[in-house]
Amino acid sequence: MSPHTTSTPRFLDAVRPGRTHWLELPSHRTSVRVARHATQARLASWQVPDEVCANAVLVVSELVTNAVLHTPGEWVLCGVGRMTAERFRLEVHDGDLTGRGIPDHCPGLDDEGGRGLLLVREIADSWGVTRSPLTGGNAVWASLATPL
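The notes below deal with the structure included here. (Residues numbered from 1 in each chain as written. Predicted model: local features only at pLDDT ≥ 70, side-chain atom pairs only at ≥ 80, totals over all residues. Heavy atoms only, no water.)

1. Structural notes on the sheet that holds strand β2 (residues 75-84)
Here is step 1 of the chain: The strand order across the open sheet built from five strands is β1-β2-β3-β5-β4, with neighbouring strands paired in antiparallel fashion. Taken across any chain shown, the strands that pair with only one partner, and hence form the sheet edges, are β1 (20-26) and β4 (126-131). Between one strand and the next, the sheet's axes are offset by a mean angle of 15 degrees, whatever the strand orientation.
Here is step 2 of the chain: Here strand β3 (residues 87-93) pairs with strand β5 (residues 138-145) via seven bridges, running antiparallel. By the bridge assignment, Phe88 is partnered in β5 with Leu144. (Pairing = 2+ DSSP bridges. Helix = DSSP H or I, 4+ residues; strand = E, 2+ residues; numbered from the N terminus. Axes fitted to C-alpha atoms, helices over the stretch in contact; angles between N-to-C directions.)

The following block contains the structure:
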């Protein structure tokens, strides 16, 4: 299965056409790489500075990894939208219909994983979780600013 762009950017609907990009990805570990590359390419086309782009790619990587590893479903939706000239938003929608949201996890010192959302919290200007109008699961989003 290969990723494809979806035509319904309803969750990022405040963004003008041509300023959003969606990928529907199979819920497989290989989709993390695809999401990273697609996000990097889109942000580069918007001339987002390299450092901000690298941070965004790391955020997308963490969010897609969480969705693929920790939620049920066959597909993950990954979106990026240019909100203003100085701000863009990343979204990852999963298929978790349980309504349990994202658990608050505090990894131990020897844990090899569990720090993804801590990274997101540090990198993003703001982030959150809500129910997805597109999948019915979780929609985890993060906003990042670009310096002018």
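There is more to say after this.
2. Notes on the environment of Val64
Here is step 1 of the chain: Mapped onto the elements of the fold, Val64 is located in helix α2 (residues 50-70).
Here is step 2 of the chain: The residues touching Val64, leaving out its near neighbours within four places in the chain, are Ser31, Val32, Ala35, Cys78 and Val92. (Contact = heavy atoms within 4.5 Å.)

3. Quick word on the nonpolar core
Here is step 1 of the chain: With 29 residues, the main nonpolar core has Leu43, Val64, Phe88 and Leu90 as its most contacted residues.
Here is step 2 of the chain: If you list the elements that add at least two residues to this core, you get β1, α1 (30-45), α2, β2, β3, α3 (116-123) and β5.
Here is step 3 of the chain: In terms of residues, this core owes the most to one element, α2, which gives 10 residues.
Here is step 4 of the chain: Apart from residues no more than four positions distant in its own chain, Leu43 is found in contact with Val48, Cys53, Ala56, Val80 and Phe88. (Core = buried A, V, L, I, M, F, W, Y, C linked by side-chain atoms within 4.5 Å. Buried < 20%, exposed > 50% of the residue type's maximum accessible area, 1.4 Å probe, protein only.)

4. As for the pattern of salt bridges
Here is step 1 of the chain: Under the counting rule described, the total for this entry stands at two salt bridges.
Here is step 2 of the chain: Of the charged contacts in the structure, one is a salt bridge between Arg87 and Asp125, with a shortest N-O distance of 3.2 Å. Here Arg87 is found in strand β3, whereas its partner Asp125 is found in the loop between α3 and β4, with 38 residues between them in sequence.
Here is step 3 of the chain: Arg87 sits in the partly exposed class, given a relative accessible area of 30%.
Here is step 4 of the chain: Owing to a relative accessible area of 48%, Asp125 belongs among the partly exposed residues under this scheme.
Here is step 5 of the chain: Of the charged contacts, one joins Glu91 and Arg89 as a salt bridge, the two residues approaching to 2.8 Å between their closest N and O atoms.
Here is step 6 of the chain: Assessed through its relative accessible area of 17%, Arg89 is described here as buried. (Salt bridge = Lys/Arg side-chain N within 4 Å of Asp/Glu carboxyl O.)

5. Regarding the side chain of Glu91
Here is step 1 of the chain: Tracing the backbone shows Glu91 in strand β3.
Here is step 2 of the chain: Of note is the side chain of Glu91, whose polar atom sits 2.8 Å from the side chain of Arg89. (Polar contact = N/O pair within 3.5 Å; in protein donor to acceptor, adjacent residues only side chain to side chain.)

6. As for the environment of Arg82
Here is step 1 of the chain: Checked against the element boundaries, Arg82 lands in strand β2.
Here is step 2 of the chain: Sequence separation between Arg82 and Trp46 is 36 residues; the distance between their C-alpha atoms is 8.4 Å.
Here is step 3 of the chain: At 3.2 Å, the side chain of Arg82 and the backbone oxygen of Trp46 are in polar contact.
Here is step 4 of the chain: One polar contact links the side chain of Arg82 to the main-chain carbonyl oxygen of Thr84, over a distance of 3.1 Å.

7. Regarding the packing of α1 against α2
Here is step 1 of the chain: Two numbers describe how α1 lies on α2: the axes approach to 9 Å, and their chain directions differ by 150 degrees. Considered as vectors, α1 and α2 are oriented roughly antiparallel to each other. α1 and α2 meet at a crossing whose hand is right-handed. Contacts between α1 and α2 involve Ser31, Val32, Ala35, Arg36, Thr39, Gln40 and Leu43 from the former and Cys53, Ala56, Val57, Val60, Ser61, Val64 and Thr65 from the latter. (Parallel < 35°, antiparallel > 145°, perpendicular 65-115°, else oblique. Left-handed = near helix turned anticlockwise from the far one by under 90°.)

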